[in-house]
Structures are given as C-alpha cells and as structure tokens.
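Fold and geometry: a report
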Amino acid sequence: MATLIYEHDKAFALESGSSLDSLTIAYDTYGTLNAAADNVVWVCHALTANSDVADWWPHTVEEGRFLDPARHFIICANILGSHYGTTGPLHVNPATGEPYYGDFPEFTIRDMVEAHRLLASALGIKHIEVLIGSSVGGFQAVEWAVTEPDFISKLVLIATAAKASPWTIAIDQTQRMAIEADKTFGEPHEEAGMAGMAAARAIGLLTYRGSEGYNITQRDADDRLRPAARHRASTYQAYQGEKLCRRYNAYSYYAILNAFDTHDAGRGRGGLEKALARIKAKTLTVGITTDMIFTPAEMRELCSMIPGAEYRQIESSFGHDGFLVEHERLNDILNPFINGNNE
C-alpha cells in the first residue's frame, strides 16, 4: 500500500515560538474505517521508523494479531522532522528556496503530537479506539493522551516514559557528540555528517540491545586470532551504522534526538503526577526485563501514575529492542487487551 500525503497549507506554530509556513505529513493506513468510525487504531512510531508499520514492526499488522486490518482502521503518521515524507530538514525552506538542513527550526514531542492531531482532524477522525506507542512513539502517545483525554479509549505504552530522564538525555548527547565530530556536519548537502551518524547509531545500538543481546547474537564463530575490526561484534556495529546511512540523514537524526530530550508530559501542567492523572483511557503499560533505556522499575512507576493502568512484562534477552523482536510475546499480551479475546 502506497504512503499517503496530507498537505497543510497554513502556518504550523511550534512550541519554541518558531513556525513552519506549511506542513506535509506522510501517513499509512490499513483496513477500513467502519460505519460507526469506532475502530481506529493509531500507532505512533519510534526514532527512525517510517509510517509503514508493517515494514518496521514485523508480524503485527496481520489478521488475528493485535493490529488486525480485518477489524481495525490502522493509522501511522510519520513524525515531524523525519526523513520519510513529513516536513523535515531536507524539505525546502520557503524563505531561501533551499533545503533547511541544519536551519530546520527546533521542535518538540508536543509539536509532533499537534501534527498528528491536525492529520486526525483532516481525516475526519473524531475518536481513537486504541493509541499505541513504543519508545519515542510512547512519548507521543503519553503526550496525546494527556492533551486530549476524551479522544482516546485505550492506551498502550511499551518501553517508554512520560519524561526524558537524565540517562536517556546522556545517551542522546553522546550520539550528538559523535555527529558533531564529523567535520562535514553543517555543510549544505544531504550527505553531510554521515560518518558521524554511523558512529552515533552504533552507540545507540549498545543501549537498544544491551550486553545480553549482544553476547547471544554476536559471538565469534571460533577462537582464531583476528584483527579487532573483524570480530563479529565489530562488523555488526559497522554494518548497522552503514545501514542507517543508506536510508536516513544526519540532520533529521540530530533534530529528532533533540526533540526526544524535550519530552516532559508534565511541563506547564503542574508536574508529571497531575498531568498523568488527566488520562482517561484504559491503559496498558508493558516493560521489558532487560531494557536499560526504560527499565521495568521505571515502567512500573509510569503505570502507577496513570489512573487504573495495568502493568505487564516481556521476558527478553534483547533489551529495548525486545518490543521489535518479541512479537509473539507482545501479541499474547496486547491481543486480549485490544481485541477483547484470547486469540
């Protein structure tokens, strides 16, 4: 199914006080909106994903799964600043006639959600039955559920938080430092900063998987002497950095890392507890045993601040990336919650 485009030809105000003269939003849909318009499932995607959920979240958008296109009208919108169609650093700045690159205005998680809300309104969606977000997608889902409590019936938060922690900000800053160390970053072309982004991605992957996941999957096949760069773990890091460079750009990556760190659902709302108390959706929070970014303890704390929320946990050796890898275990938890059965 082809990605769809919504064009908003009016100014889009940003939380920073800046604005975009217009806004393009890329989005994908699966299934059909029913007559009552009460079967909308909205998925908020993570850091470098796109709006095609079936592409980046394997074995989820399938009949009988928690994202069942036979039951639901599933929507995912590409986030502000991304490389995959929504307005971002490689789009043309109307003021100059050239791409923004490093001059793209600063934006926040709250701005991402305002763009989602704009799209929902344009599509005539008056209610979301289920809102789902993992990782940075969960940031968006929390923010939306706090902003518009009566709009959402069910909320699913997987491996995420209501506020960026010092630990996650430090991870992002380390990645930004890697990008900034690339002397080409800042140059006005889309290949700028690629070596820095490759290094940043390799740093990020360490936190996504953790030691247990690496020690399972990246052991050398034998005990022969080999150069440092030829260890399986070494080639994996290099490959993952190169892989991201083939599909993304450093300006978007850098900008979204910055937006990640703005996340605070309690900002201007009297703090997190007051903000999360506004959520009316029936909420399921899901932690992953080996997640070092959003630990099970932090997920339980998040759950405790949302009225009536339930906590479930996935046993996984693959850290934060468990939400992508453990699709069977995730389906066992989410399918009954979303579809009200035990399939």
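Preceding block: the structure.
Please read these numbers as outputs of a predicted model, since none were measured by experiment.

1. Structural notes on the nonpolar core
Ranked by internal contacts, the top residues of the largest apolar core, which has 76 residues, are W42, F107, I128, L131, W144, Y253 and L276. If you tally residues by element for this core, the top one is helix α7 (residues 250–260), at eight residues. For L131, the contacting residues outside a window of four places in its chain are W42, C44, A141, W144, I152, K154, L155 and V156. Ranked by size, the runner-up nonpolar core spans 27 residues in total, among them V41, W57, V130 and F323.

2. Quick look at the environment of G97
One can find G97 in the loop between β7 (92–93) and β8 (98–99). The spacing of G97 and A145 is 48 residues in sequence and 37 Å in space, taken between C-alpha atoms.

3. Observations concerning unusual backbone geometry
Phi is positive for Y101, which is not a glycine, with a value near 50 degrees. Inspection of the secondary structure puts Y101 in the loop between β8 and α2 (109–122). For A159, which is not glycine, the phi dihedral falls at a positive 50 degrees. Relative to the helices and strands, A159 is located in the loop between β10 (152–158) and α4 (166–180).

4. Here we look at the packing of helix α5 (residues 194–217) against helix α6 (residues 232–247)
At a minimum axis distance of 8 Å, the contact between α5 and α6 shows a crossing angle of 135 degrees. Taken together, the axis directions place α5 and α6 in an arrangement best described as oblique. As for the relative orientation of α5 and α6, their crossing is right-handed in sense. Counting all contacts with α5, which are made through M194, M197, A198, R201, A202, L205, L206, R209, Y214 and T217, the residues of α6 involved are R232, Y236, Q237, Q240, G241, E242, L244, C245 and R247. When its residues are assigned to classes, the contact of α5 with α6 shows 10 nonpolar, four polar and five charged.

5. Some details on the packing of aromatic side chains
Enumeration over the complete set of coordinates arrives at 15 aromatic pairs. Arranged with centres 5.1 Å apart and planes meeting at 25 degrees, the rings of F185 and Y251 form a pair that is stacked. With a gap of 66 residues between them, F185 in the loop between α4 and α5 and Y251 in helix α7 connect regions that are remote in the sequence. Given the relative accessible area of 4%, Y251 is considered buried. Cluster of aromatic residues (ring-pair linked, three or more members): W56, W57, F66 and F323.

6. Regarding helix α11 (residues 327–339)
At I333, α11 is deflected by roughly 30 degrees, the largest bend along its length, and proline P336 occurs up to four residues later in sequence. Considered for burial, the residues of α11 that qualify are H327, L330, N331, I333, L334, N335, F337, I338 and N339. The secondary structure elements touched by the buried residues of α11 are β9 (128–134), β10, β11 (282–288), β12 (310–314) and α10 (322–325). After α11 finishes, the residue G340 shows a positive phi value of roughly 70 degrees.

7. Notes on the packing of α4 against α5
Orientation of α4 relative to α5, taken along the N-to-C sense of each, is 160 degrees, at an axis distance of 7 Å. Taken together, the axes of α4 and α5 lie roughly antiparallel to each other. For the pair α4 and α5, the sense of crossing is right-handed. On α5, the residues that touch I171, T174, Q175, A178 and I179 of α4 are G196, M197, A199, A200, R201, I203, G204, T207 and Y208. Of the residues contributing to the contact of α4 with α5, the split by class is eight nonpolar, five polar and one charged.

8. So, the sheet that holds strand β4 (residues 23–30)
Strand order across the open sheet formed by eight strands is β1-β4-β6-β5-β9-β10-β11-β12, with mixed pairing between neighbours. The outermost strands of the open sheet, each flanked by one partner alone, are β1 (4–8) and β12. Across the sheet, the mean angle separating the axes of adjacent strands is 20 degrees when strand polarity is ignored. In this fold α2 packs onto β1, β4, β5 (40–44) and β6 (73–77), with an angle of close to 65 degrees to the strand it touches most, β4. Along the sheet, helix α3 (residues 136–147) contacts β5, β9 and β10; its crossing angle with β9, the most-contacted strand, is approximately 140 degrees.

9. Structural notes on the side chain of N78
Locating N78 in the fold gives a position in the loop between β6 and β7. With relative accessibility at 1%, the residue N78 sits in the buried group. Polar contacts involving the side chain of N78 include one to the side chain of H45, which spans 3.2 Å. A polar contact is formed between the side chain of N78 and the side chain of S82, at a distance of 3.0 Å. Excluding residues within four positions of it along the chain, N78 makes contact with I25, A26, H45, A49, N50, S51, Y84, G85 and T86.

Analysis parameters
- Residues numbered from 1 in each chain as written.
- Predicted model: local features only at pLDDT ≥ 70, side-chain atom pairs only at ≥ 80, totals over all residues.
- Heavy atoms only, no water.
- Core = buried A, V, L, I, M, F, W, Y, C linked by side-chain atoms within 4.5 Å.
- Buried < 20%, exposed > 50% of the residue type's maximum accessible area, 1.4 Å probe, protein only.
- Helix = DSSP H or I, 4+ residues; strand = E, 2+ residues; numbered from the N terminus.
- Contact = heavy atoms within 4.5 Å.
- Axes fitted to C-alpha atoms, helices over the stretch in contact; angles between N-to-C directions.
- Parallel < 35°, antiparallel > 145°, perpendicular 65-115°, else oblique.
- Left-handed = near helix turned anticlockwise from the far one by under 90°.
- Nonpolar A, V, L, I, M, F, W, Y, C, P; charged D, E, K, R; others polar.
- Phe/Tyr/Trp six-rings, centres within 6.5 Å; stacked < 30°, edge-to-face > 60°.
- Bend = angle between axes of the 7 residues up to and from the residue.
- Pairing = 2+ DSSP bridges.
- Polar contact = N/O pair within 3.5 Å; in protein donor to acceptor, adjacent residues only side chain to side chain.

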